[in-house]
Amino acid sequence: LKGSDASVKSDAPPMAVVSPAAKEEAHGTGAERQAMSLAARNILDALEKEEEFQRLKKNIKIQFTSEGLRIILNESENSPAFFEPGSAKLLQKSAIILITIARELGKLENHIVLEGHTDAGALGLDGYTNWELSADRANSARALMEVEGLYSAQVRQVRGFADSEPMITDNPSDQRNRRVSILVLYKSAENRYDQIELGGDLLQDTLISAPQG
């Protein structure tokens, strides 16, 4: 998980608002960082007004990373927080959290990447693995957020990581590793998400240069 371990106190502990360490200085402009800081504060203030947020405070983290603002929504150890177990179906009572976040992030010009993660436990579903589940959960979050506040084409990517990047590294099977991350990209960080590259086709170049016969 990118970002530092230094936390700043907020009005809604135990949520962590994390700032980048000096050695991992944010790439965004001062104006971008200020706008994202304001968005983070507005999200916290808006969430405090929601009854469901009081139940889910421990499941929400807001961080500043070298790529931008990251909001993490992780599942609980003993009961579902955002999704039905083993499913990409959002819990209706928790949807207000994503809606509140979307309405604030939609005010920013920055693009967004949605990432899904699972724990290391097997689903026990034939042909449906943690790869599908992690991607489907991120996509479910995208669908709701686009309806409820994000502007058209604000989402840049939807990615599924399965259990390859546990948040609790010493226990990959911990259910709290099940999470969806919302990454608001600094404009300077967007280039690494561009998938279109100009240049030759290495396969064709190899075939052309290979000896004939």
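Once that is clear, we can look at the overall build of the chain. Within the chain, the secondary structure is distributed over five helices and seven strands. N-terminal to C-terminal, the α/β element order of the chain is β-β-α-α-β-β-α-β-α-β-β-α. Within the span of the chain, comprising 213 residues, buried residues form 44% of the whole. Per element, the accessible surface of the chain, about 11400 Å² overall, is 50% carbon and sulfur.

With that settled, consider the environment of Ala122. Along the chain, the position of Ala122 falls in the loop between strand E5 (112-117) and helix H4 (130-147). When its relative accessible area of 79% is taken as the criterion, Ala122 is described as exposed. For the pair Ala122 and Ser173, spaced 51 residues apart in sequence, the C-alpha separation works out to 9.5 Å.

This brings us to the nonpolar core. Leu73, Ile97, Ile101, Leu105, Leu114, Met145 and Ile182 are the most contacted members of the largest nonpolar core, which totals 39 residues. For this core, the secondary-structure elements that each account for two or more residues are helix H1 (30-48), helix H2 (51-56), strand E3 (60-64), strand E4 (68-74), helix H3 (95-105), E5, H4 and strand E7 (179-185). The element best represented in this core is H3, accounting for seven residues. When neighbours within four sequence positions are excluded, Ile97 is seen to be in contact with Leu47, Phe53, Leu56, Ile60, Leu73 and Phe82.

Contact pair H1 / H3: the axes reach a minimum separation of 9 Å and the direction vectors enclose 145°. When you trace H1 past H3, the crossing you get is right-handed. In this structure, H1 uses Asn42, Ile43, Ala46 and Leu47 to contact H3, whose residues at the interface are Ile97, Thr100, Ile101, Glu104 and Leu105. Residues of the contact of H1 with H3, tallied by class, amount to six nonpolar, two polar and one charged.

Summarising burial for E7: seven of the seven residues are buried, a large majority. Alignment of E4 against E7, held across seven bridges, turns out to be antiparallel. Bridging across to E7, Asn74 finds its partner in Arg179. In this structure, E5 lies alongside E7, joined through six bridges in antiparallel fashion. Each residue of the ladder has a partner; that of Glu115, found in E7, is Ser181.

Across all of its chains, the model carries 12 salt bridges by this definition. Here Lys57 makes a salt bridge to Glu48, at a shortest N to O gap of 3.5 Å. Judged by its relative accessible area of 17%, Lys57 falls in the buried class. Notably, a salt bridge pairs Arg55 with Glu52, separated by 2.3 Å at the nearest N-O pair. Residue Arg55 and its partner Glu52 are located together in helix H2, separated by three residues, close to a single helical turn. Assessed through its relative accessible area of 36%, Arg55 is described here as partly exposed. A single salt-bridge network, built from bridges that share partners, covers Glu67, Arg70 and Glu115.

Quick notes on the rules
- Residues numbered from 1 in each chain as written.
- Predicted model: local features only at pLDDT ≥ 70, side-chain atom pairs only at ≥ 80, totals over all residues.
- Heavy atoms only, no water.
- Helix = DSSP H or I, 4+ residues; strand = E, 2+ residues; numbered from the N terminus.
- Buried < 20%, exposed > 50% of the residue type's maximum accessible area, 1.4 Å probe, protein only.
- Areas by Shrake-Rupley, 256 points an atom, 1.4 Å probe, with all protein chains shown as cover.
- Core = buried A, V, L, I, M, F, W, Y, C linked by side-chain atoms within 4.5 Å.
- Contact = heavy atoms within 4.5 Å.
- Axes fitted to C-alpha atoms, helices over the stretch in contact; angles between N-to-C directions.
- Left-handed = near helix turned anticlockwise from the far one by under 90°.
- Nonpolar A, V, L, I, M, F, W, Y, C, P; charged D, E, K, R; others polar.
- Pairing = 2+ DSSP bridges.
- Salt bridge = Lys/Arg side-chain N within 4 Å of Asp/Glu carboxyl O.

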